[in-house]
Amino acid sequence: MSERAQVSAFVERAAELDAADGLAALRKRFVLDDVVYLDGNSLGALPVEVPGRVEDVVRRQWGEMRIRSWDESGWWTAPERIGDRIAPLVGAAPGQIVVGDSTSVNVFKALVGAVRLAGEGRDEILVDATTFPTDGYIAASAARMTGCELRPVDPDELSSALGPRTAAVLLNHVDYRTGRLYDLPSLTSAIHAAGALAVWDLCHTAGALPVGLDEHGVDLAVGCTYKYLNGGPGSPAYLYVRADLQDRFDSPLPGWNSHAEPFAMSSSYEPAPGALRGRVGTPDILSMLALEAALEVWDGVSVEDVRAKSLALTDFFLECVAAYVPEGRVESVTPAAHAERGSQVALRCADAGAVMKRLIDNGVVGDFRHPDILRFGFTPLYVGFADAERAARVLAETLG
């Protein structure tokens, strides 16, 4: 088959797949242009409803109602209300997620809280050796503050590393560099068998695939909302504390917002019931309500359908790359097996930083991870199969 005929065949297949895509109509709910946007695993696209909602929050709720909005506009209850909007996307029942603070702050709360829940005689924290750097930094600080020893461990070797001293284990559901998806159910089970607590970082999975926090008995979890949940730059993160642990969860950051009677202004701290004890200070209302508006795109959307499209998109993209790109120019470091793949494709490529810059100049936006990784994130709510084909074709032209 000639090169032109090959491209024509892939373009035709992409059009057929897009026509049959049950999620394709969601694309119009986002602000998009003719760029192929494959960086939603860093910053999700803007949902069309958000600007109007933010304008209302600023002009009416803040500008006209002012202090009344804490009660009358629901500002005060936003952290738990929005947490309940996120809950079904990560497989959690209501009342277990609170929104607020950054992912880093929530990692600290979750990890120290997990060590305190583990109790006496457990003085070791295990952390994913390939983790996003901040998680490692926070884990090291948490270990120092709790008198624990920190041990970085490859998730594939976790079972043999667990022991009677292990208090808590902090793992990433997806490796941010490679897109490798780790087996949350089996790893959580192994952690529990050792008598330790499991803390999961869901930044690269919430909104991309089913997580099943309740189903698999996860103890604590954290995640950001600006990637696949499209909450906007710096949108607040969330903290999940399993229901049966909440009355014993001892947050290392008790604040007036998590007090049982916040307006009593008591000099002694009494934690609020339930997930509310994960709150700290005054919520960031502007970004929080922008997130709430963004989450409306999920109404009526099945996470299972999103996962099916994600796998189909990444399969198709890898097929196009294999057909278009000269052999030896790129190597996929993302697992081929569906059970081990998140919603991104990472390609090892010589001079990857310069290559990505040229791709962006030519209308395909992904990102670069040092030293040699091109990352392409596939957000099924607004990325289509024509986007995948075009990205692979432009990559081949860029490397040609």
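Please read these numbers as outputs of a predicted model, since none were measured by experiment.

**Focus on the overall build of the chain**
Right, so step 1: When you go through the chain residue by residue, the secondary structure sums to 12 helices and 15 strands.
Right, so step 2: Expected size for 400 residues packed as a compact globule is a radius of gyration near 21 Å; at 22 Å, the chain falls within 12% of this value.
Right, so step 3: Along the longest, intermediate and shortest principal axes, the C-alpha atoms of the chain span 75 × 60 × 35 Å.
Right, so step 4: Taken over 400 residues, the chain has a buried fraction of 55%.
Right, so step 5: When contacts within the chain are restricted to residue pairs at least 6 apart in sequence, long-range pairs at least 24 apart make up 72% of them.
Right, so step 6: Counting only carbon and sulfur atoms, one obtains 54% of the accessible surface of the chain, whose full area is about 16600 Å².

**Some points on the packing of helix H5 (residues 103-118) against helix H6 (residues 133-146)**
Right, so step 1: Put simply, H5 and H6 touch, their axes get as near as 9 Å, and they point 40° apart. Comparing their axes, H6 and H5 come out oblique. Crossing angle aside, the handedness with which H5 passes H6 is right-handed. Contacts from Ser-104, Val-107, Phe-108, Leu-111, Val-112 and Val-115 of H5 reach H6 at Thr-134, Asp-135, Ile-138, Ala-139, Ala-142, Met-145 and Thr-146.

**Considering the packing of aromatic side chains**
Right, so step 1: Overall, the coordinates contain 13 aromatic pairs when judged by the stated rule.
Right, so step 2: Ring centres of Trp-256 and Phe-263 lie 5.4 Å apart, and the angle between their planes is 80°; on these two criteria the pair is classed as edge-to-face.
Right, so step 3: The class of Trp-256 is partly exposed, set by a relative accessible area of 33%.
Right, so step 4: Site record: aromatic cluster; members linked through ring pairs are Trp-70, Trp-75, Trp-76, Trp-256 and Phe-263.
Right, so step 5: Taking NZ or CZ as reference, Arg-279 lies 4.9 Å from the ring centre of Trp-76, over its face.

**Describing the sheet that holds strand S10 (residues 238-241)**
Right, so step 1: Within the open sheet, the seven strands sit side by side as S4-S10-S9-S8-S7-S5-S6. Their pairing is mixed. Each edge of the sheet is formed by a strand with only one pairing partner; in this case those strands are strand S4 (97-99) and strand S6 (149-153). Between one strand axis and the next, the sheet turns through 15° on average, direction left out of account.
Right, so step 2: In the sheet, strand S5 (residues 124-128) pairs with S6 via five bridges, with the strands oriented parallel. Bridge pairing links Val-127 to Pro-152 in S6.
Right, so step 3: Across the sheet, helix H8 (residues 184-193) lies against strand S7 (166-172) and strand S8 (197-201), angled at about 150° from S8, the strand it touches most.

**Some words on the domain arrangement of the chain**
Right, so step 1: Each assigned domain of the chain is listed here: domain 1 (3-30 + 302-399) and domain 2 (52-298).
Right, so step 2: The C-alpha-based centres of domain 1 and domain 2 are spaced at 30 Å.
Right, so step 3: Of the residues lining the interface, 25 residues belong to domain 1; the matching set on domain 2 comes to 20 residues.
Right, so step 4: Carbon and sulfur atoms supply 61% of the area buried between domain 1 and domain 2, which totals about 1800 Å² over both sides.
Right, so step 5: It is Arg-29, Val-303 and Gln-344 that lose the most area in domain 1 upon contact with domain 2, and together they represent 26% of the buried surface on that side.
Right, so step 6: Remark: the boundary between domain 1 and domain 2 carries zero salt bridges.
Right, so step 7: Linking domain 1 with domain 2 are seven residue pairs in polar contact (both at pLDDT 80 or more), by the criterion used here.
Right, so step 8: For the side of domain 1 that touches domain 2, the secondary structure elements donating two or more residues are helix H10 (303-324), strand S12 (344-349) and strand S15 (373-377).

**As for the UniProt feature "modified residue: N6-(pyridoxal phosphate)lysine" (unreviewed entry) in the chain**
Right, so step 1: Taken from the UniProt record, the annotation "modified residue: N6-(pyridoxal phosphate)lysine" (unreviewed entry) applies to Lys-227.
Right, so step 2: Within the secondary structure layout, Lys-227 lies in the loop between strand S9 (220-223) and S10.
Right, so step 3: Apart from residues no more than four positions distant in its own chain, Lys-227 is found in contact with Gly-40, Asn-41, Ser-42, Gly-44, Cys-203 and His-204.

**Thoughts on the pattern of salt bridges**
Right, so step 1: One pass over the structure, following the stated rule, counts 25 salt bridges.
Right, so step 2: Among the salt bridges present, the one from Glu-72 reaches Arg-68, with a minimum N-O distance of 3.0 Å.
Right, so step 3: Of the residues examined, Glu-72 reaches a relative accessible area of 52% and is grouped as exposed.
Right, so step 4: Look at Arg-68 and you get partly exposed, because its relative accessible area is 44%.
Right, so step 5: When the shortest N-O distance is used, the salt bridge between Glu-124 and Arg-151 registers 2.8 Å. Of this pair, Glu-124 sits in strand S5 while Arg-151 sits in strand S6, and the two are 27 residues apart along the sequence.
Right, so step 6: Taking the relative accessible area as the measure of exposure, Glu-124 reaches 6% and is therefore buried.
Right, so step 7: Since its relative accessible area comes to 27%, Arg-151 is described here as partly exposed.

**What about helix H11 (residues 352-361)?**
Right, so step 1: Taken residue by residue, H11 has Ala-352, Val-355, Met-356 and Leu-359 as its buried positions. Viewed end-on, H11 has its buried residues packed into an arc of 95°, placing them on one side of the element. Residues Lys-357 and Asp-361 are exposed on H11 and point more than 90 degrees away from its buried face.
Right, so step 2: Buried positions along H11 lie against S12, strand S13 (364-365), strand S14 (367-369), S15 and helix H12 (385-399).
Right, so step 3: Just past H11, the residue Gly-363 takes up positive phi, approximately 90°.

Quick notes on the rules
Residues numbered from 1 in each chain as written. Predicted model: local features only at pLDDT ≥ 70, side-chain atom pairs only at ≥ 80, totals over all residues. Heavy atoms only, no water. Helix = DSSP H or I, 4+ residues; strand = E, 2+ residues; numbered from the N terminus. Rg over C-alpha atoms; globule rule 2.2 N^0.38 Å. Buried < 20%, exposed > 50% of the residue type's maximum accessible area, 1.4 Å probe, protein only. Contact = heavy atoms within 4.5 Å. Areas by Shrake-Rupley, 256 points an atom, 1.4 Å probe, with all protein chains shown as cover. Axes fitted to C-alpha atoms, helices over the stretch in contact; angles between N-to-C directions. Parallel < 35°, antiparallel > 145°, perpendicular 65-115°, else oblique. Left-handed = near helix turned anticlockwise from the far one by under 90°. Phe/Tyr/Trp six-rings, centres within 6.5 Å; stacked < 30°, edge-to-face > 60°. Lys NZ or Arg CZ within 6 Å of the ring centre and 35° of its normal. Pairing = 2+ DSSP bridges. Domains from an automatic or database assignment. Buried area = accessible area lost by both parts, 1.4 Å probe. Salt bridge = Lys/Arg side-chain N within 4 Å of Asp/Glu carboxyl O. Polar contact = N/O pair within 3.5 Å; in protein donor to acceptor, adjacent residues only side chain to side chain. UniProt positions renumbered as here; feature names shortened; annotations may be inferred. Arc of directions from axis to C-beta.

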